[in-house]
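Okay, here's what each chain looks like letter by letter:
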Amino acid sequence: MVSMPSFHLFYVVSFSEVICVDGSFPLPVFRSGAPLYDQLYRHIAGAIRSGAMPPGAKLPSKRRLCALTGVSMSTVETAYSLLTAEGYVLAKPKSGYVCADLLPPAPEPPPPAKAAAPAPAASPRWALDCSTSAVDVSAFPFSSWARITKEAVYENPGLLQRGHPQGDEPLRAALSQLLAQYRGVRCSPEQVVVGAGVDHLLSLLLQMLPEQRAIALEDPGYPAAYAAASLHGLAAIPIPVDRYGMDPEALAASGAGLAYITPSHQFPLGVTMPAGRRSRLLHWAASGPDRFLIEDDYDSEFRYSSRPIPALQGLDQAGRVVYIGTFSRSIAPAIRVAYMILPPPLLKRYQDTFSHRTCAVSRFEQESLRRFITQGLYGRHLRRMGTLYRKKCALFTRALSQLSGASLSGAEAGLHFLLTLPRFSEQELAERAAEQTVRVYPLSRYCHSLPPPPSTVVLGFAGLSEEEIGRAAALLRAAWS
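Colleague: Explain the overall build of the protein to me, using residue names and the numbers behind them.
Modeller: Helix and strand content of the protein: 14 helices and 18 strands. For 481 residues, the compact-globule estimate of 2.2 N^0.38 gives 23 Å, and the protein exceeds it by more than 25% at 33 Å. Projected onto the principal axes, the alpha-carbon positions of the protein cover approximately 105 × 55 × 50 Å. Counting only residues that meet the buried cut, the protein has 50% of its 481 residues in that class.

Colleague: Report on unusual backbone geometry, specifying residues and quantitative values.
Modeller: With an omega of 0°, the peptide bond between D219 and P220 qualifies as cis. Residues F267 and P268 are joined by a peptide bond in cis, for which omega reads 5°. Position of P268 among the secondary structure elements: in the loop between β10 (258-261) and α9 (275-286).

Colleague: Summarise the side chain of Q266; cite the residues concerned and give the values.
Modeller: Tracing the backbone through its elements, the reader meets Q266 in the loop between β10 and α9. With near-sequence residues (within four places) excluded, Q266 lies in contact with E218, P220, G221, V241 and V271.

Colleague: Describe helix α4 (residues 142-155), naming the residues involved and giving the relevant values.
Modeller: With 14 residues, α4 extends 20 Å from end C-alpha to end C-alpha; this agrees with the ideal 20 Å at 1.5 Å per step. Every buried residue belonging to α4 is among S144, W145, I148, E151 and A152, and all of these are buried. One face of α4 carries all of its buried residues, which in axial projection span an arc of 130°. Projecting away from the buried face of α4 at angles above 90 degrees are the exposed residues F142, S143, K150 and Y154. In the core, the buried residues of α4 are packed alongside α11 (363-374) and α12 (377-400).

Colleague: Pulling in residues and values, what's your account of the sheet that holds strand β15 (residues 416-420)?
Modeller: Note: strands within a sheet are paired through backbone hydrogen bonds, in either parallel or antiparallel orientation. The four strands are arranged β14-β15-β18-β17 in an open sheet whose pairing can be described as antiparallel. The sheet is open, and its two borders are formed by β14 (407-409) and β17 (441-442), each paired with just one other strand. Two strands pair when backbone bridges link them, and β15 and strand β18 (residues 456-460) are joined in this way by five bridges, in the antiparallel orientation. The residue of β18 that forms the bridge with F417 is L459. Across the face of the sheet, α12 comes into contact with β14, β15 and β18 while running at roughly 5° to β15.

Colleague: Kindly report on the nonpolar core, identifying the contributing residues and their values.
Modeller: F327, F396 and W480 are the most contacted members of the largest nonpolar core, which has 64 residues in total. At 10 residues, α12 tops the list of elements feeding residues into this core. In this view, F327 contacts L175, L178, A332, V337, Y339, L369, I373 and Y378; residues no more than four positions away in its chain are not counted. If you look at the next biggest cluster of nonpolar residues, it comprises 29 residues, including L205, L206, L258 and I294.

Colleague: Residues and numbers for the packing of aromatic side chains, please.
Modeller: Evaluated as defined, the whole model comprises 16 aromatic pairs. With centroids separated by 5.1 Å and ring planes inclined at 90°, the aromatic side chains of F302 and Y389 adopt a geometry described as edge-to-face. Note that F302 is positioned in the loop between β11 (292-296) and β12 (321-326) and Y389 in helix α12, a separation of 87 residues in sequence. Note on accessibility: F302 and Y389 belong to one class, buried. Taking 5.3 Å as the distance between ring centres and 80° as the angle between the ring planes, the aromatic pair formed by F327 and Y378 counts as edge-to-face. Here Y378 lies in helix α12 and F327 lies in the loop between β12 and β13 (338-341), a separation of 51 residues in the sequence.

Colleague: Residues and numbers for helix α3 (residues 73-85), please.
Modeller: If you check α3, its first and last C-alpha atoms are 18 Å apart, about what 13 residues at 1.5 Å a residue would give, namely 18 Å. Within the sequence span of α3, burial applies to T75, V76, A79, Y80 and L83. Buried residues of α3, seen end-on, are gathered within an arc of 125° and therefore sit on one face of the element. On its buried face, α3 sits against α1 (36-50), α2 (62-69), β3 (89-92) and β4 (96-99). Taken from the residues just after α3, G87 is the one with a positive phi, measuring 85°.

The rules we used
- Residues numbered from 1 in each chain as written.
- Predicted model: local features only at pLDDT ≥ 70, side-chain atom pairs only at ≥ 80, totals over all residues.
- Heavy atoms only, no water.
- Helix = DSSP H or I, 4+ residues; strand = E, 2+ residues; numbered from the N terminus.
- Rg over C-alpha atoms; globule rule 2.2 N^0.38 Å.
- Buried < 20%, exposed > 50% of the residue type's maximum accessible area, 1.4 Å probe, protein only.
- Contact = heavy atoms within 4.5 Å.
- Expected span 1.5 Å × (residues − 1).
- Arc of directions from axis to C-beta.
- Pairing = 2+ DSSP bridges.
- Axes fitted to C-alpha atoms, helices over the stretch in contact; angles between N-to-C directions.
- Core = buried A, V, L, I, M, F, W, Y, C linked by side-chain atoms within 4.5 Å.
- Phe/Tyr/Trp six-rings, centres within 6.5 Å; stacked < 30°, edge-to-face > 60°.

If you want it as structure tokens, here you go:
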């Protein structure tokens, strides 16, 4: 009887039993289903991983393995090719195949602790949420958007290719015309940068201004701006906001080179910055090197008691205003399209810094939005939403003004307003509303260094239906009476 070589193959999880040849050479039992080369490959790889076949151990020749297993040469060759390609086996000239040196397998983790039975689902705490970030999607133009999206897909196969890093030129041209018409913004398409949301564009802007060490932010103000400053290593300097907007004297004393402002409808106080205050901030920006104002044109589309005020950017003669806007409020939050208008001093720097990047907004979505704008659908939608929000705002404020001692502010524009009721603290207002399952937002959550005005909460209305606004007002009157 011919003696067998000392090479050993060991069973792995793919096989439930082995056949021993002469008691020293365990071979796998092949099962139906998986290809034979795959079963052989997994068997040898598992033995190497487990350490049963030590590093440097020699494997049988292809011909010998064919004789031992009874499979074809092509099956063995395919299995050995996979083992070699994945690094389990090394092919050495004139020596055949040997096992590679792999790290020993990690110990098995302890079995997870037995999970406790899940608690029964609690009923939602909030029946009505006066969120400032919600919008009314019931009036979204679904049929029009579906049509132009279909047109964008079928009529523009070239949109499958990479686009311009700043966004496709046709959309940027449409945006520059739209902003000139509605907001008095002066820019060329080359100055427009399209991005996936205001926070994304703000992050890009801060990345390309590494020399800036501090940024002045409104207090109270937009929490995400404070988060962006922290993320990029800038000192966030809170600047008080009075009834005219950011305090220019405090800004001048701050030492910051950047200032982030919401002049059209300050968040969350809702004040509109008058021309005199705007000119003082523009003078601050122009009077020092590398000073810039970041104008977030928050909620500028919706005004209920006067015509929209032109953007601060249109008054800028020194090229020191970066203008940022979004369609998240006027169309829907899921339309993640925002835009940034860079002044000439920053445009080349942006292009040098981010020429390698790809625009974060799908080219099909860009084309759909372009058609929405140029076909007049956006203007029509904006008028419809303005009428709807004006009605909701009037309904909510009229109902809450019946509260004895209550004063309302910031309801002339935007999608939220403030309510002050001196007989309760801010905490009491929120807690009493919560008892009625209505969520309101304390003003202090938007304050960063200064104490908030007392007894004041922020109430959004856009995401509530008219019927829900009536219910919310009734519940809040009961809570705060």
